[in-house]
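Architecture at a glance
Each chain, letter by letter, is given below.
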Amino acid sequence: MDLGTNSFKLLVAQGGEGGVLFIQDVQEVVRLGDGLALTGRFSDASMERALETLGDFLERCEDMQVDVVMAVGTMGFRRASNGEELLAAIRDRFGLQVRIISGEEEAELSFQACGGEGPRVVADVGGGSTELVFGDDGIRGAVSVEVGALFLTDRFLDPSRIPSKDQLDMALLEARRSVREGVAKLPGPLPPDLWGVGGTFTTLASVALGLERYDQDRVHRLSIPVQEVERQLWLYASMTGEERKTIRGMHPKRAHVALGGAVAALAVIRELGAQGVTISARGLRHALMLRLMGDRGL
């Protein structure tokens, strides 16, 4: 289980002589980090949503007779001043120990999961942070920057109203500044081949394709030009979060952070000088699963 700042993800798999078979892949938008950028804390309502979703996930695991459960927490847990309070509640209610991973490990897992060949940069835009990894056959550099879809939404892009030009400009400037600082920490020169991981990028792909229902096979390895990312950004900026739910390909629960995600994605593309981005429908949970299966000798 990947317990992110905006969404929680459950991946169930079975290993054997033929390799690893992914049986179920579930994502729920929890908005654990609602208000985190402003208060530095998880709200009571957000923590209750988190516990309810975890309860649902663990019931699924019990129904499927899952042998081993692994859970990791990311940016939200690293930043929230009351993160330990939520971790304690999870331990007390479910007997589940959540491991908090570093931004660097988060970045490395995203790189390992997405695939691709040759020198490339992998970007994972989450709710609270964006991970950037440069590598080819192996990882050559990784960095985590505090810019994410929910982070930008909380600070600049109130989904209850259409943002002003000044608000949108501030979000774009903040995103590019933070991404630029992160890119400067990676060993260069960086290649133009950019891959995108996470809900922000898969949403961009789903909207670009106009999917009535999310289709992982069609989204995975889809290439999106920068012009399409810009088109979607301006489309989202012309609507409230509620109005974005009507966009074909938009998951209703992602509509309120879709603009913040598009801002972060465009900042990454622009700062890397890429012509667009190739989408990966696989994320750090897939890399964690392969690591777990490897540890068990499967």
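One can find the structure itself at the top, above this paragraph.
The following paragraphs examine the structure supplied in this document. What you see is a predicted model; the values in this text were computed from it and never measured. (Residues numbered from 1 in each chain as written. Predicted model: local features only at pLDDT ≥ 70, side-chain atom pairs only at ≥ 80, totals over all residues. Heavy atoms only, no water.)

1. Comments concerning the overall build of the protein chain
The test is simple: In this description a helix means any DSSP run of H or I spanning at least four residues, a strand means any run of E spanning at least two, and both kinds are numbered starting from the N terminus. Note on method: radius of gyration uses C-alpha positions; expected globular size equals 2.2 Å times residues raised to 0.38. Relative accessible area decides the class of each residue, using a 1.4 Å probe on protein chains only: under 20% of the type maximum gives buried, over 50% gives exposed, and in between gives partly exposed.
Each helix and strand counted, the protein chain has 13 helices and 11 strands in total. Against the compact-globule benchmark of 19 Å for 298 residues, the protein chain has a radius of gyration of 18 Å, which places it among compact chains. A principal-axis box enclosing the C-alpha atoms of the protein chain has dimensions of 50 × 45 × 40 Å. A burial count over the protein chain gives 55% of its 298 residues as buried.

2. As for the sheet that holds strand β7 (residues 130–135)
Keep this limit in mind: By definition, two strands form a pair when at least two bridges between them are found by DSSP. A fitted line through C-alpha atoms serves as each axis, taken over the contacting stretch for helices, and the angle formed by two N-to-C directions is quoted from 0 to 180°.
The sheet built from six strands is open, its strands ordered β8-β7-β6-β9-β11-β10 with mixed pairing. Each edge of the open sheet carries a strand with a single partner, namely β8 (139–145) and β10 (223–225). Looking at each pair of strands side by side, their axes are set apart by 25° on average, direction ignored.

3. What to know about the packing of helix α8 (residues 199–209) against helix α10 (residues 226–237)
Stated formally: Note on angle classes: values under 35 degrees are labelled roughly parallel, values over 145 roughly antiparallel, values of 65 to 115 roughly perpendicular, and the remainder oblique. Any two residues having at least one pair of non-hydrogen atoms within 4.5 Å are treated as being in contact. Only Asp, Glu, Lys and Arg are considered charged in this grouping, and only Ala, Val, Leu, Ile, Met, Phe, Trp, Tyr, Cys and Pro are considered nonpolar; every other residue, Gly among them, is considered polar.
Following both chains from N to C, one finds α8 and α10 inclined at 90°, their axes separated by 11 Å at the closest point. By the angle class used here, α8 and α10 are roughly perpendicular. Mapping the contact onto sequence places Thr203, Leu204, Val207 and Ala208 in α8 and Glu228, Val229, Arg231, Gln232 and Tyr236 in α10. Its residues placed into classes, the contact of α8 with α10 shows five nonpolar, two polar and two charged.

4. Considerations on helix α6 (residues 149–156)
Taking burial as the measure, the eight residues of α6 include seven buried ones, the bulk of the element. Along α6, the residues classified as buried are Ala149, Leu150, Phe151, Leu152, Thr153, Asp154 and Phe156. Where α6 is buried, its residues contact α1 (36–39), α3 (75–79), β6 (120–125), α7 (165–184), α8 and α12 (258–272).

5. Brief notes about the sheet that holds strand β3 (residues 19–29)
Spatial ordering of the open sheet is given by β3-β2-β1-β4-β5, a layout of five strands whose pairing is mixed. On the outer flanks of this sheet lie β3 and β5 (98–100), each paired with one strand and no other. Where strand β1 (residues 2–3) and strand β2 (residues 7–16) come together, two bridges link them in antiparallel fashion. Pairing of Leu3 across the sheet is with Phe8, part of β2.

6. Digging into helix α4 (residues 83–94)
Our working rule: Expected helix span is computed as 1.5 Å times (number of residues minus one). Throughout, the arc means the angular range of directions from the helix axis out to the C-beta atoms.
In this model, α4 (12 residues) spans 16 Å end to end at C-alpha, consistent with the 16 Å of a helix rising 1.5 Å per residue. For α4, the complete set of buried residues consists of Gly83, Leu86, Leu87 and Ile90. The arc enclosing the buried residues of α4, seen along the axis, measures out at 100°, which places them on a common side. If you follow the buried residues of α4, they end up packed against α2 (44–63), α3 and β5. The first or second residue beyond α4 is Gly95, which carries a positive phi of 70°.

7. Points about a nonpolar patch on the surface
Rule in force here: Candidates for patches are residues over 30% relative accessible area with no salt bridge; among them, like charges are joined within 9 Å and nonpolar side chains (Val, Leu, Ile, Met, Phe, Trp, Tyr) within 5 Å. All accessible areas in this document rest on Shrake-Rupley with a 1.4 Å probe, and a residue is counted as covered only by the protein chains that are shown. Should a side-chain nitrogen of Lys or Arg be within 4 Å of a carboxyl oxygen of Asp or Glu, the pair is scored as a salt bridge.
Residues Leu21, Ile23 and Met64 make up a contiguous nonpolar surface patch of roughly 260 Å² in combined accessible area. If you trace the backbone, Ile23 turns up in strand β3. What makes Ile23 partly exposed here is its relative accessible area of 42%.

8. What to know about the pairing of β6
For β6, a buried count of six out of six residues is recorded, marking the element as mostly surrounded by other parts of the structure. The alternating pattern of β6 places Arg120, Val122 and Asp124 on one face and Val121, Ala123 and Val125 on the opposite face, and all of these are buried. Note that β6 and β7 share six bridges and pair antiparallel. Bridge assignment links Arg120 to a residue of β7, and that residue is Gly135. The antiparallel pairing of β6 with β7 creates a hairpin that spans four residues between the two strands. Where β6 meets strand β9 (residues 194–197), four bridges bridge the pair, whose relative direction is parallel. Counterpart to Val122 in the pairing with β9 is Trp195.

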